[in-house]
Amino acid sequence: MLKLQSVSKDYSLRGQTVRALDDVTLEIERGDFVSVVGPSGSGKSTLLLVLGGMLSPASGQVLVEGESLYDLGPEARASLRKKKIGFVFQTFNLVPYLTAVENVQIPLFLAGVDEANQRKRAAELLDRVGLADRLHHKPSELSVGQQQRVALARMLANDPAVILADEPTGNLDPDTARAALDFLQEMNQEDRTIVMVTHDMAAAKRAKRSLRLAQGRVCDHTPADGYGESSAFLELSSGEV
């Protein structure tokens, strides 16, 4: 489903080159749920952006269902993202002047869905996340947990096969965080592939396996999760960014 083959990524920082990902080779099968952990600045978000087609690596290949993501032109890559990949961000990235239903409509509008079906699909998704009575509320009129649920509904709008989540529980209280993780596990049980960056080890244990970013190595470790008995714990070393 997702493959990184000898992927490296460098940044320039104060006149020096800093390697964020260092010759990383990784395969994530369809239906997997992988958490990515490591200290701040270890490259977690870089890995997610590279996987999502939003940040070109310096070298190596990124494949989505066998298609080399960065060998595609910008328009073709954006089209693949819209069709196959859903993003969840810590800051939600909701448009403040749009209602909940209008925020969920955005990816449908970009995909060329007619307006009537946009609204129908968006309303169905908001109902699924328990916000059927908040369709016409703007983000400022919603709690943080409700805003997160709008973001989750929007992520599902184009029925993505892959979900990339960047610190999805970072701004949430414990109860709301548990609900968000329950929802991601439900999505995984529908055979969606999930890669979740998190600094929260309790959240990481909800995945089937974890990748730990450290110093340039990929090592097998003892299973360390509460979701699947046979899943492996991997350590991925990827520089310091």
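The preceding data block contains the structure.
Residues numbered from 1 in each chain as written. Predicted model: local features only at pLDDT ≥ 70, side-chain atom pairs only at ≥ 80, totals over all residues. Heavy atoms only, no water.

A. Fine view of the overall build of the protein. A count of helical and extended segments in the protein gives seven helices and eleven strands. The buried share of the protein, reckoned over its 241 residues, is 50%. Within the protein, contacts between residues at least 6 apart in sequence are counted, and of these 65% link residues at least 24 apart. Summed over its atoms, the accessible surface of the protein is roughly 11,300 Å², and 48% of this surface lies on carbon and sulfur atoms. (Helix = DSSP H or I, 4+ residues; strand = E, 2+ residues; numbered from the N terminus. Buried < 20%, exposed > 50% of the residue type's maximum accessible area, 1.4 Å probe, protein only. Contact = heavy atoms within 4.5 Å. Areas by Shrake-Rupley, 256 points an atom, 1.4 Å probe, with all protein chains shown as cover.)

B. Molecular detail of the packing of helix 3 (residues 100-110) against helix 5 (residues 144-155). Here helix 3 crosses helix 5 at 30 degrees, and the two axes come no closer than 8 Å. For the element pair helix 3 / helix 5, the angle class is roughly parallel. Regarding helix 3 and helix 5, the two cross each other, and that crossing is right-handed. Here A100, N103, V104 and P107 of helix 3 lie close against helix 5, whose contacting residues are V150, A153 and R154. In terms of residue class, the contact of helix 3 with helix 5 is made up of five nonpolar, one polar and one charged. (Axes fitted to C-alpha atoms, helices over the stretch in contact; angles between N-to-C directions. Parallel < 35°, antiparallel > 145°, perpendicular 65-115°, else oblique. Left-handed = near helix turned anticlockwise from the far one by under 90°. Nonpolar A, V, L, I, M, F, W, Y, C, P; charged D, E, K, R; others polar.)

C. Highlighting helix 3. Those residues of helix 3 that fall on the buried side of the exposure criterion are A100, V101, N103, V104, Q105, P107 and L108. Next to the buried residues of helix 3 lie helix 4 (115-128) and helix 5. Two residues or fewer after helix 3 comes G112, characterised by a positive phi angle close to 85 degrees.

D. Fine view of the nonpolar core. V104, L126, V150, I163, L184 and M196 are the most contacted members of the largest nonpolar core, which has 35 residues in total. Broken down by secondary-structure element, the contributors of at least two residues to this core are helix 3, helix 4, helix 5, strand 7 (162-166), helix 6 (174-189) and strand 8 (193-197). No other element matches the six residues that helix 6 contributes to this core. If we ignore the near neighbours within four places in the chain, the residues touching V104 are A122, L125, L126, V150, A153, R154 and A157. Listed in part, the 30 residues of the second largest apolar core include L2, V24, L51 and V162. (Core = buried A, V, L, I, M, F, W, Y, C linked by side-chain atoms within 4.5 Å.)

E. Representation of the pairing of strand 7 in the model. Within strand 7, four of the five residues are buried, which leaves it mostly tucked inside the rest of the structure. As paired strands, strand 6 (residues 85-89) and strand 7 are joined by five bridges and run parallel to one another. By the bridge assignment, I85 is partnered in strand 7 with V162. Pairing of strand 7 with strand 8 involves five bridges; the strand directions are parallel. (Pairing = 2+ DSSP bridges.)

F. How the structure looks around the layout of surface pockets. Its boundaries defined by the atoms lining it, the largest pocket holds a volume of some 460 Å³. Looking at the largest pocket, it is lined by 17 residues, and the ones nearest its centre are I85, F87, F89, P107 and R154. Those elements giving two or more residues to the lining of the largest pocket turn out to be helix 2 (74-84), strand 6, helix 3 and helix 5. It is strand 6 that provides the largest number of residues to the lining of the largest pocket, a total of four residues. The class makeup of the residues in the lining of the largest pocket is eleven nonpolar, three polar and three charged. (1 Å grid on protein atoms, 1.4 Å probe; cavity = no way out; pocket = protein on both sides within 12 Å on 5 of 7 lines; lining within 4 Å. Points joined across faces, edges and corners; volume = space filled by probe spheres on them.)

G. Spotlight on unusual backbone geometry. With a phi close to 55 degrees, D159 is a non-glycine residue in the positive phi region. Located in the positive-phi region is E167, a residue other than glycine, with phi close to 50 degrees. Looking at the element boundaries, E167 is found in the loop between strand 7 and helix 6.

H. Representation of the sheet that holds strand 5 (residues 67-68). One open sheet holds the four strands; their spatial order is 2-1-4-5, and the pairing between them is antiparallel. Each edge of the open sheet carries a strand with a single partner, namely strand 2 (16-28) and strand 5. Taken together, the nine bridges between strand 1 (residues 2-13) and strand 2 define a ladder with antiparallel strand orientation. By the bridge assignment, L4 is partnered in strand 2 with L26. Helix-sheet contacts for helix 1 (residues 44-51) involve strand 1, strand 2 and strand 4 (59-64), and the interaxial angle to strand 1 is about 125 degrees.

I. Just the side chain of Q118, in detail. You can see Q118 is positioned in helix 4. Apart from the residues lying within four places of it in its own chain, the contact partners of Q118 are Q105, L108, F109 and V113.

J. Examining the pattern of salt bridges more closely. Overall, the coordinates contain eleven salt bridges when judged by the stated rule. One salt bridge in this structure joins R30 and E65, with 2.4 Å as the shortest N-O distance. Pair noted here: R30 is in the loop between strand 2 and strand 3 (33-37) and E65 is in the loop between strand 4 and strand 5, with a separation of 35 residues, a long-range link. As a salt-bridge pair, D159 and R192 come within 2.8 Å of each other at their nearest N and O atoms. Of the two residues, D159 sits in the loop between helix 5 and strand 7 while R192 sits in the loop between helix 6 and strand 8, which places them 33 residues apart along the sequence. The partly exposed category is assigned to D159, whose relative accessible area is 47%. Note on R192: relative accessible area 9%, which makes it buried. Put simply, R128, D159, E186, E190 and R192 are held in one network by salt bridges that share partners. (Salt bridge = Lys/Arg side-chain N within 4 Å of Asp/Glu carboxyl O.)

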